[in-house]
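Observations on chain architecture
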Amino acid sequence: MTHTLSIRRPDDWHLHLRDGAMMRAVLPETTRHFARAIIMPNLVPPVVTAQDARAYRNRILAALPDGSTFQPLMTLYLTEQTDPQDVAAAFADGLIHAVKLYPAGATTNSDSGVKTLRRVYRVLEKMAQIGLPLCIHGEVTTPEVDIFDREQVFLDTVLAPLRADIPELKITLEHITTSHGINYVSDAPGDIAGTITTHHLMINRNHMLVGGIRPHYYCLPIVKRASHQMALRKAATSGNPRFFLGTDSAPHVDGAKESACGCAGVFSATNTMSCLAHVFEEEGALDTLEAFTSLNGPARYGLPPNEARITLEKRTTPTAYPAKFDTEDGPLTLFDPATPLHWHVT
Ligand code: DOR
Ligand code: ZN
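Throughout what follows, the structure given in this document is the object of discussion. All residue numbers refer to position in the chain's written sequence, counted from 1. Written order decides the labels, with chains lettered from A and ligands numbered from 1. With pLDDT at 70 or above as the cut-off, local features in this predicted model cover only qualifying residues; side-chain atom pairs require 80 or more to be listed or tallied, and sums for whole chains, interfaces and linings still use all residues. For the side-chain quantities, the full set of heavy atoms in the structure was used; hydrogens and water were omitted.

1. Overview of the overall build of the protein
Numbering of helices and strands runs from the N terminus, with a helix taken as a DSSP run of H or I at least four residues long and a strand as a DSSP run of E at least two residues long. The number of helices and strands found in the protein is twelve helices and 13 strands. Viewed in the frame of its principal axes, the protein has a C-alpha envelope of about 55 × 45 × 40 Å. In this scheme, a residue with accessible area under 20% of its type's maximum is buried, one over 50% is exposed, and one in between is partly exposed, where area comes from a 1.4 Å probe on protein chains only. Counting every position in the protein, which comprises 346 residues, the buried fraction comes to 57%. Any pair of residues with heavy atoms lying within 4.5 Å of one another is described as a contacting pair. Sequence separation of 24 or more characterises 75% of the internal contacts of the protein that already satisfy a separation of 6 or more.

2. As for the coordination of the zinc ion (ligand 2)
Protein-derived coordination of the zinc ion (ligand 2) comes from His-14 (NE2), His-16 (NE2) and Asp-248 (OD), at a distance range of 2.1 Å. Sequence positions of the donors to the zinc ion (ligand 2) reduce to the motif H-x1-H-x231-D. In this pair, His-14 sits in strand 2 (residues 12-15) while Asp-248 sits in the loop between strand 9 (243-245) and helix 10 (254-257), placing the two residues 234 residues apart along the sequence. Judged by relative accessible area, which is 1%, His-14 ranks as buried. Note: metal donors comprise N, O and S atoms at 2.8 Å or less from the metal (3.2 Å for Na, K and Ca); water molecules are not included, so apparent gaps in a site are possible.

3. Regarding the packing of aromatic side chains
Pairs were defined over the aromatic rings of Phe, Tyr and Trp, the Trp ring being its six-membered one, requiring ring centres within 6.5 Å. Orientation was assigned from the angle between planes: stacked under 30 degrees, edge-to-face over 60, tilted for the rest. All told, the structure shown has seven aromatic pairs when counted by the stated rule. For the pair Trp-13 and Phe-244, a centre-to-centre distance of 6.2 Å together with 80° between the ring planes defines the contact as edge-to-face. Residue Trp-13 is found in strand 2, and its partner Phe-244 is found in strand 9; the two are separated by 231 residues along the sequence. The residues Trp-13 and Phe-244 share a single accessibility class, namely buried. Taken together, a centroid distance of 5.2 Å and an interplanar angle of 35° make the contact between Tyr-77 and Tyr-102 tilted. With Tyr-77 in strand 4 (residues 71-77) and Tyr-102 in the loop between strand 5 (96-101) and helix 4 (121-130), this residue pair connects regions lying 25 residues apart in the sequence.

4. As for the nonpolar core
For our purposes a nonpolar core is just a set of buried Ala, Val, Leu, Ile, Met, Phe, Trp, Tyr and Cys residues, chained together by side-chain atoms within 4.5 Å. Counting 92 residues, the largest nonpolar core has Ile-96, Leu-124, Leu-134, Leu-159 and Leu-162 as the members making the most contacts within it. Broken down by element, this core gets its largest block of residues, six residues, from helix 11 (residues 272-282). Residues in contact with Leu-162, not counting those within four places in the same chain, are Leu-117, Tyr-121, Leu-124, Leu-134, Ile-136, Leu-169 and Ile-171. By size, the runner-up hydrophobic cluster in this structure holds twelve residues, among which are Trp-13, Leu-73, Cys-135 and Tyr-301.

5. Digging into the state of the cysteines
Chemically, a disulfide is nothing more than a covalent bond linking the sulfur atoms of two cysteines. Pairs of cysteine sulfur atoms within 2.5 Å are identified as disulfides in what follows. With the rule as written, the count across this model stands at zero disulfides. Cysteine Cys-135 shares no disulfide, and the gap to the nearest cysteine sulfur, in Cys-219, comes to 18 Å. According to the relative accessible area criterion, Cys-135 is buried, its value standing at 1%. Unpaired in this structure, Cys-261 has its nearest cysteine sulfur neighbour in Cys-263, at a distance of 7.5 Å.

6. A closer look at the packing of helix 3 (residues 84-92) against helix 4
Axis geometry follows a simple rule: fit a line to the C-alpha atoms, using only the stretch in contact for helices, then measure angles between N-to-C directions, giving values from 0 to 180 degrees. In the contact formed by helix 3 and helix 4, the axes pass within 9 Å of each other and the chain directions differ by 25°. As the angle between them shows, helix 3 and helix 4 are arranged roughly parallel. In this structure, the crossing between helix 3 and helix 4 has a hand that is right-handed. Here helix 3 contributes Pro-84, Gln-85, Val-87, Ala-88 and Phe-91 to the contact with helix 4, which in turn contributes Arg-122, Val-123, Lys-126, Met-127 and Ile-130. Following the grouping adopted for this structure description, the nonpolar residues are Ala, Val, Leu, Ile, Met, Phe, Trp, Tyr, Cys and Pro, the charged ones are Asp, Glu, Lys and Arg, and the polar ones are all others, Gly among them. Looking at the contact of helix 3 with helix 4 residue by residue, the class counts come to seven nonpolar, one polar and two charged. Convention used here: angles under 35 degrees read as roughly parallel, angles over 145 as roughly antiparallel, angles from 65 to 115 as roughly perpendicular, and any remaining angle as oblique. In a left-handed crossing the near helix is turned counterclockwise from the far helix by less than a right angle, and in a right-handed crossing that turn is clockwise.

7. Describing the pairing of strand 5
Most of strand 5 sits out of view: six of its six residues are buried. DSSP-based pairing: two strands are paired if at least 2 bridges between them are found. The pairing of strand 4 with strand 5 spans four bridges and is parallel. Opposite Tyr-77, over in strand 5, you have Lys-100 as the bridge partner. As for the winding sense of the linkage, the β-α-β connection from strand 4 through helix 3 to strand 5 is right-handed. Both strand 5 and strand 6 (residues 134-136) contribute to a ladder of three bridges, which runs parallel. What sits directly across from Leu-101, in strand 6, is Ile-136. Here a crossover is taken to be right-handed if, once the strands point away from the viewer, the path from the first strand over the helix to the second is traced clockwise.

8. Describing the sheet that holds strand 1 (residues 4-8)
In a beta sheet, neighbouring strands pair by backbone hydrogen bonds and run either parallel or antiparallel. Spatial strand order, 1-10-13: three strands in an open sheet with antiparallel pairing. Both outer strands of the open sheet, strand 1 and strand 13 (343-345), are each paired with one neighbouring strand and no more. Pairs of neighbouring strands in the sheet enclose a mean axial angle of 25°, with direction left out of account. Looking at chain direction, strand 10 (residues 309-314) and strand 13 are connected through three bridges and run antiparallel. Its bridge partner lying in strand 13, Glu-313 is registered against His-344. In the packing of helix 12 (residues 289-300) onto the sheet, the strands contacted are strand 1 and strand 10, and the crossing angle to strand 1 comes to about 25°.

9. Examining the site of ligand 1
Neighbouring ligand 1 are 13 residues; Arg-18, Asn-42, Thr-107, Leu-220 and His-252 lie closest to it. Between a nitrogen atom of ligand 1 and a main-chain N or O atom of Leu-220, the distance comes to 2.7 Å. When its residues are assigned to classes, the shell around ligand 1 shows four nonpolar, seven polar and two charged. The nearness test applies per residue and asks whether one of its heavy atoms lies within 4 Å of the molecule or strand. A 3.5 Å cut-off defines polar contacts: any pair of N or O atoms within that distance qualifies, except that in protein one atom must be a possible hydrogen donor and the other a possible acceptor, and neighbouring residues in sequence count only when both atoms are side-chain atoms.

Take a look at the structure:
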């Protein structure tokens, strides 16, 4: 049995850092293990222009813990007003690494998202031309579609037609939560990949709803039934280069989660690597952990893998992670993996 594992330092290909006090609280939790992260642009107001992204990047760099070499990989929030030239210039400058498509109303702070995809085709065509990836929150938001079916319906009614119209567009289907999403990304021709979160590998909707409603497991896309969780585990541990880690670690203070209308988001930055080692060991696939966390993502984004390494060590005593963090905005609850975590990161 493996008790220690040395892997290249991981990257997080989907992270919410927020801003201000919350950013200062959560940034060290990511930089402790991760070298780089794709930074989500859904601030209020969102990060829409190159100028916004540059300013946000500077705020992140200024808040880094002393000595940290963490690199924030910036994204722009796609709106129907986005200027293709601004996007292209930001990519040429090395400032941005992706553009993010939120269908309007899909999730936290997505009001300025895209209502009519055709209105952003000029931007998408430009991106296809220059090789800039589009990160997609793949859910439809039409009220008649059941929340558990939003991803599957998106694949059929939005993603497939978009890819037929602009086949050269590089796409990352983010936080895949269903076997439909996994099958789509595995089999589709062309330049497509997908990220999978830590929490969707560890929990299914029973964890969220059986024996009481657990608001800290509420996220979007919502956790699905166990058979989908199994499909995600199979894909993540397969070594298939199309799949890699995007934690979607998304902090909200307890007051916003434990509410009559709670926010979507799971904060998992701190214990993600312990959780993943746990999952990969359960799946008998510790040998593919490095591909998922540290190799497939950089390859996809045209970046070298990190030279630095981390060591994961399996200990008899479970690792003690704090249940909560104090932030200037209020307490923040860490993802509860619903099982003891014996893998310790050094
Ligand atoms: O659960 C989520 N939280 N899903 C998202 O897509 C957004 C995120 C957030 O920003 O809180
Ligand atoms: Zn997200």
